[in-house]
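Architecture and fold: a report
In case you want the letters, here they are:
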Amino acid sequence: MKFMLNCKQASQLISQSLENPLSSSKRIKLKFHLLLCAACTRFRQQLRLINNATKRIRLETENDDTLQLPLESKTRIFQQISSHIESKNH
Amino acid sequence: MNENINVWLNEHGDYLYRFALARLRDPQLAEDAVQETLLASINNNSFSGESSARTWLTAILKHKIIDIQRKRIREQPLSDLIDLDASDTSMDDFFDKSGHWLEKPQALDMPEDILKQKQFLTILSSCIDKLPAKLATIFVMRDVHESDNENICKELGITATNAWVMLYRARMGLRKCLEMNWIAG
């Protein structure tokens, strides 16, 4: 990878950096690119927002008391497991 | 035993369902995961009463969820996998031949207004669901496991390179979808 990254390479490094710390040479190349490139800086901001918002969606689903296992599903699960136990006992 | 199942289903069923739904984003799969969990719990006598029943059931559920996610990632049409290997060409929509943005990313911020935040999260949610199942699955797993990439790869039996290519493609798809449906909409 040359010292001057193009935007495609920079965007890949930005995405990677959200998973694992970049090597120091990659980090310096990316930093330099971001200093000069408003588009990739916005791209990084977009990815950070998407990460934070995705976490919020997950936590809100986990804590949403109005989301319930439908009664017919509970009945179905109960019947399935009961018949499983019976078949094991015979 | 039957009584136990009934009690657990009533006391923890909704909790387990929400936990699974937040990770699988599919009501039917979430329901399957809860059933598999309770079925495993009666076949497995490791519940010692030292931990709460909920904690124990959640630990089983986590494994069931990963089983389902692994299946979802592996049972993909072959064409998808070929496409994934040709990761350079699949990004043609976003960059020109010299690697410049075809369309520059637009400013995207969390709105301050609570109602608008809700709308934004709803749109992002539908954007996640529009991704190919494989990409959506790994993207949500990444959120759950934070930066524990190594573990995700081990659980899924994929290489680290494969994982980050998929995550990159998922993110490119999501930001494009948000630009089209949030900023433009």
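Residues numbered from 1 in each chain as written. Chains lettered and ligands numbered in written order. Predicted model: local features only at pLDDT ≥ 70, side-chain atom pairs only at ≥ 80, totals over all residues. Heavy atoms only, no water.

A word on the domain arrangement of chain B
Residues and elements named next belong to chain B. With domains assigned, chain B is organised as domain 1 (1-73) and domain 2 (110-185). When each unit is reduced to the centre of its C-alpha atoms, the spacing between domain 1 and domain 2 is 25 Å. Listed as interface residues are eight residues of domain 1 and, on the opposing side, 13 residues of domain 2. Here Asp 129 makes a salt bridge to Arg 25, at a shortest N to O gap of 3.0 Å. Our count for the domain 1 to domain 2 interface comes out at two residue pairs in polar contact (both at pLDDT 80 or more). Breaking the side of domain 1 that touches domain 2 down by element, the ones donating at least two residues are helix H1 (2-24) and helix H3 (53-74). (Domains from an automatic or database assignment. Contact = heavy atoms within 4.5 Å. Salt bridge = Lys/Arg side-chain N within 4 Å of Asp/Glu carboxyl O. Polar contact = N/O pair within 3.5 Å; in protein donor to acceptor, adjacent residues only side chain to side chain. Helix = DSSP H or I, 4+ residues; strand = E, 2+ residues; numbered from the N terminus.)

Considerations on the nonpolar core
Membership of the largest hydrophobic core comes to 31 residues, with the highest contact counts inside it found for Leu 124, Ile 138, Leu 174 and Leu 178 of chain B. Taken together, the elements giving at least two residues each to this core come down to helix H3 (38-62) of chain A together with helix H6 (114-130), helix H7 (133-145), helix H8 (149-156) and helix H9 (160-183) of chain B. Element by element, the count of residues in this core is highest for H9 of chain B, at eight residues. Setting aside residues up to four positions removed in sequence, Ile 138 of chain B forms contacts with Ile 73, Leu 156, Ile 158, Ala 163, Met 166 and Leu 167 of chain B. Ile 77 of chain A together with Leu 9, Leu 21 and Ala 40 of chain B belong to the second largest nonpolar core, which has 27 residues in total. (Core = buried A, V, L, I, M, F, W, Y, C linked by side-chain atoms within 4.5 Å. Buried < 20%, exposed > 50% of the residue type's maximum accessible area, 1.4 Å probe, protein only.)

Quick look at the layout of surface pockets
Considered as a void within the structure, the second largest pocket measures approximately 190 Å³ in volume. In terms of lining, the second largest pocket is formed by Arg 56, Ile 57, Glu 60 and Thr 61 of chain A together with Ile 114, Gln 117, Lys 118, Leu 121, Thr 122 and Ser 125 of chain B. Mapped by element, the contributors of at least two residues to the lining of the second largest pocket are H3 of chain A together with H6 of chain B. By residue number, the principal contributor to the lining of the second largest pocket is H6 of chain B, which donates six residues. Considered class by class, the residues forming the lining of the second largest pocket number three nonpolar, four polar and three charged. (1 Å grid on protein atoms, 1.4 Å probe; cavity = no way out; pocket = protein on both sides within 12 Å on 5 of 7 lines; lining within 4 Å. Points joined across faces, edges and corners; volume = space filled by probe spheres on them. Nonpolar A, V, L, I, M, F, W, Y, C, P; charged D, E, K, R; others polar.)

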